Amino acid sequence: MDEVQSQLRTIAQVQRQRMALVGKASERGGRVTVSVNADGVLIDLKFGRGVEDLEYPELARAILKAAQDATADVVRQAEELMAPIQQDRARLPKLSDLVEGMPDVSSLMPTAERAPQSKPDAPDRVAAEDTGMSFENVEPIERAKPTKPGVTDSGW
């Protein structure tokens, strides 16, 4: 029980440390500097000397690129912070190790895909299609028709 409490304290500490993370990135030789919080939300935008020399499209691209780089920076920091917890978790036995005949469901879990970083109307953005869940190795069942009228009967 002490081990579990120790792990929970560690997780709480890492969560607090994660909340303090800030990702930063600059573009165009420091003319545009962006800071994002641990959730990747823009929290600061600074313009340096010479920013007035940039055309509006250049400025927009610089802000976008700096924001994307700052977000990648904070994601990297969070992954480094979480690494010891992930290593501890990897040492624990899986449910399939403890329960005979239980499949290893971790191998069945879908992996999260990165969201596209292109513009909303870009041709490479494809709406996620709902393919639904599919199952293999199942037995179909026949649905029995009710013999007596019930509350769902159309004659009600």
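A few points on the structure. The structure displayed is predicted, hence computed values, not measured ones. (Residues numbered from 1 in each chain as written. Predicted model: local features only at pLDDT ≥ 70, side-chain atom pairs only at ≥ 80, totals over all residues. Heavy atoms only, no water.)

1. Focus: the pairing of strand E3 (residues 42-47)
Rule in force here: The pairing criterion is simple: DSSP has to find at least two bridges between the two strands. Only DSSP runs of H or I covering at least 4 residues are called helices, and only runs of E covering at least 2 are called strands; the numbering of each starts at the N terminus.
Examined bridge by bridge, strand E2 (residues 32-36) and E3 share five bridges and lie antiparallel to one another. Bridged to Val-34 within E3 is Leu-45.

2. What to know about the nonpolar core
Stated formally: The criterion is simple. A nonpolar core is a set of buried Ala, Val, Leu, Ile, Met, Phe, Trp, Tyr and Cys residues joined through side-chain atoms within 4.5 Å. Only protein chains enter the accessibility calculation, which uses a 1.4 Å probe; a residue is then buried when its area is under 20% of its type maximum, exposed when over 50%, and partly exposed in between. Only heavy atoms matter for contacts: two residues are in contact if any of them lie within 4.5 Å across the pair.
Residues Leu-21, Val-32, Val-34, Val-36, Val-51, Leu-59 and Ala-70 are the most contacted members of the largest nonpolar core, which totals 14 residues. Those elements that place two or more of their residues in this core are E2 and helix H2 (56-91). Take this core: its biggest share by element is six residues, from H2. Sequence-distant contacts of Ala-70, defined by excluding residues within four places in its chain, comprise Gly-23, Lys-24, Ala-25, Val-34 and Val-36.

3. Considering the pairing of strand E1 (residues 23-27)
In the case of a regular strand, side chains alternate between the two sheet surfaces. Summarising the sheet, E1 and E2 pair through five bridges and their orientation is antiparallel. Paired with Ser-26 across the bridge in E2 is Thr-33. Taking the residues that link successive antiparallel strands as the turn, the E1-E2 hairpin has four residues, and the phi of Arg-28 there is positive, at about 55 degrees.

4. Quick look at the pattern of salt bridges
Formally: Any Lys or Arg side-chain nitrogen found within 4 Å of a carboxyl oxygen on Asp or Glu counts as a salt bridge.
In total, this model carries five salt bridges according to the counting rule given. For Glu-80, the salt bridge is made with Arg-76, and the minimal N-O distance between the two is 2.9 Å. Of the two residues, Glu-80 and Arg-76 both sit in helix H2, four residues apart, roughly one turn of that helix. One connected set of salt bridges, linked through shared partners, spans Asp-73, Arg-76 and Glu-80.

5. Considerations on the sheet that holds E1
Applicable threshold: Each axis is a line fitted through C-alpha atoms, taken for helices only over the stretch in contact, and angles between the N-to-C directions span 0 to 180 degrees.
With antiparallel pairing, the three strands of this open sheet are ordered in space as E1-E2-E3. Edge positions in the sheet fall to E1 and E3, since each has one partner strand and no second. On average, each strand axis in the sheet is tilted by 15 degrees relative to the strand beside it, whichever way the strands run. Against the sheet, H2 contacts E1, E2 and E3, and its axis sits at roughly 150 degrees relative to E1.

6. A few points about the layout of surface pockets
As a reminder of what qualifies: Cavities and pockets are defined on a 1 Å grid built over the protein atoms alone: a cavity is a set of grid points where a 1.4 Å probe fits but cannot escape, while a pocket is an open set with protein on both sides within 12 Å along at least five of seven lines, and lining residues are those with an atom within 4 Å of any such point. Grid points are joined across faces, edges and corners, and a volume is the space filled by probe spheres set on the points. Each residue is assigned to one class: nonpolar for Ala, Val, Leu, Ile, Met, Phe, Trp, Tyr, Cys and Pro, charged for Asp, Glu, Lys and Arg, and polar for all the others, Gly among them.
Space inside the largest pocket adds up to approximately 210 Å³. Considering the residues around the largest pocket, the lining is formed by Arg-89, Ala-90, Leu-92, Pro-93, Lys-94, Leu-95, Ser-96, Pro-103, Asp-104, Val-105 and Ser-106. Looking at the lining of the largest pocket, the elements that each hand over two or more residues are H2 and helix H3 (95-98). Taken together, the residues of the lining of the largest pocket sort by class into six nonpolar, two polar and three charged.

7. Let's talk about the packing of helix H1 (residues 2-19) against H2
Test applied: Working rule for angles: under 35 degrees goes down as roughly parallel, over 145 as roughly antiparallel, 65 to 115 as roughly perpendicular, anything else as oblique.
Contact pair H1 / H2: the axes reach a minimum separation of 10 Å and the direction vectors enclose 170 degrees. Between H1 and H2, the crossing angle belongs to the class labelled roughly antiparallel. Where H1 approaches H2, its residues Thr-10, Ile-11, Val-14, Gln-17 and Arg-18 are matched on the opposing element by Leu-81, Met-82 and Ile-85. Considering only residue class, the contact of H1 with H2 consists of five nonpolar, two polar and one charged.

Shape descriptors only; they carry no functional weight alone.
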